[in-house]
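Inside the fold
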Amino acid sequence: MRKTLYLVRRPLQEVPPSVFLPSETEGDLLLIERAEISEPPPSGTVFSLTDDRRGSKVSYDQVVTMLFEYERVIVT
């Protein structure tokens, strides 16, 4: 299974579902800028740069590390 990190810059409901890869990948979300999520995704972890109420809060240093840990990074 391939690990994918989605960097989401806008509210999740504004992101076309076609952006997200089929179920053979494991995907985590990193919420940046004005991104928000109203309900948890069916799988994966939600991280946030700005607000720990939206996901597990991470620092910029942690984000840089994450960019190298995932096999694929998709910016939306």
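Now for a quick tour of the structure. (Residues numbered from 1 in each chain as written. Predicted model: local features only at pLDDT ≥ 70, side-chain atom pairs only at ≥ 80, totals over all residues. Heavy atoms only, no water.)

Let us look at the overall build of the chain. Across its full length, the chain holds 1 helix and 5 strands. When the helices and strands of the chain are placed in sequence order, the string is β-β-β-β-α-β. Buried residues in the chain amount to 39% of all 76 residues. Counting only carbon and sulfur atoms, one obtains 52% of the accessible surface of the chain, whose full area is about 5,000 Å². (Helix = DSSP H or I, 4+ residues; strand = E, 2+ residues; numbered from the N terminus. Buried < 20%, exposed > 50% of the residue type's maximum accessible area, 1.4 Å probe, protein only. Areas by Shrake-Rupley, 256 points an atom, 1.4 Å probe, with all protein chains shown as cover.)

Here we take up the environment of V58. Tracing the chain through its elements places V58 in the loop between β4 (56-57) and α1 (60-69). Residues V58 and S48, spaced 10 residues apart in sequence, show a C-alpha to C-alpha distance of 6.0 Å. Beyond its immediate chain neighbours, meaning those up to four positions away, V58 contacts L30, F47, S48, L49, V63 and M66. (Contact = heavy atoms within 4.5 Å.)

Along the polypeptide, T45 turns up in the loop between β2 (25-31) and β3 (46-48). Sequence separation between T45 and L29 is 16 residues, and the spatial gap between their C-alpha atoms is 6.3 Å. Once residues within four sequence positions are removed from consideration, T45 is found in contact with G27, D28 and L29.

A few words now on the pairing of strand β1 (residues 2-8). Among the 7 residues of β1, 5 are classified as buried, and the element is accordingly described as predominantly covered. In this sheet, strand β5 (residues 72-75) lies alongside β1 in parallel orientation, the contact comprising 4 bridges. Across the sheet, L5 pairs through a bridge with V73, a residue of β5. (Pairing = 2+ DSSP bridges.)

Taken together, the side chains of V64, L67, F68, V73 and V75 define a hydrophobic patch exposed on the protein surface, amounting to about 480 Å² of accessible area. For the nonpolar patch, the elements supplying multiple residues, two or more each, are α1 and β5. If one sorts the elements of the nonpolar patch by residue count, α1 sits on top with 3 residues. Residue class for V64 comes out partly exposed when judged on its relative accessible area of 46%. (Patch = residues over 30% accessible without salt bridge, like charges linked within 9 Å, V, L, I, M, F, W, Y side chains within 5 Å. Salt bridge = Lys/Arg side-chain N within 4 Å of Asp/Glu carboxyl O.)

Right, let's talk about the side chain of S48 for a bit. For S48, the position within the fold is in strand β3. By relative accessible area, S48 is classed as buried at 0%. Look past the residues within four positions of S48 in its chain and what remains in contact with it is L30, L31, R54, G55, S56, K57 and V58.

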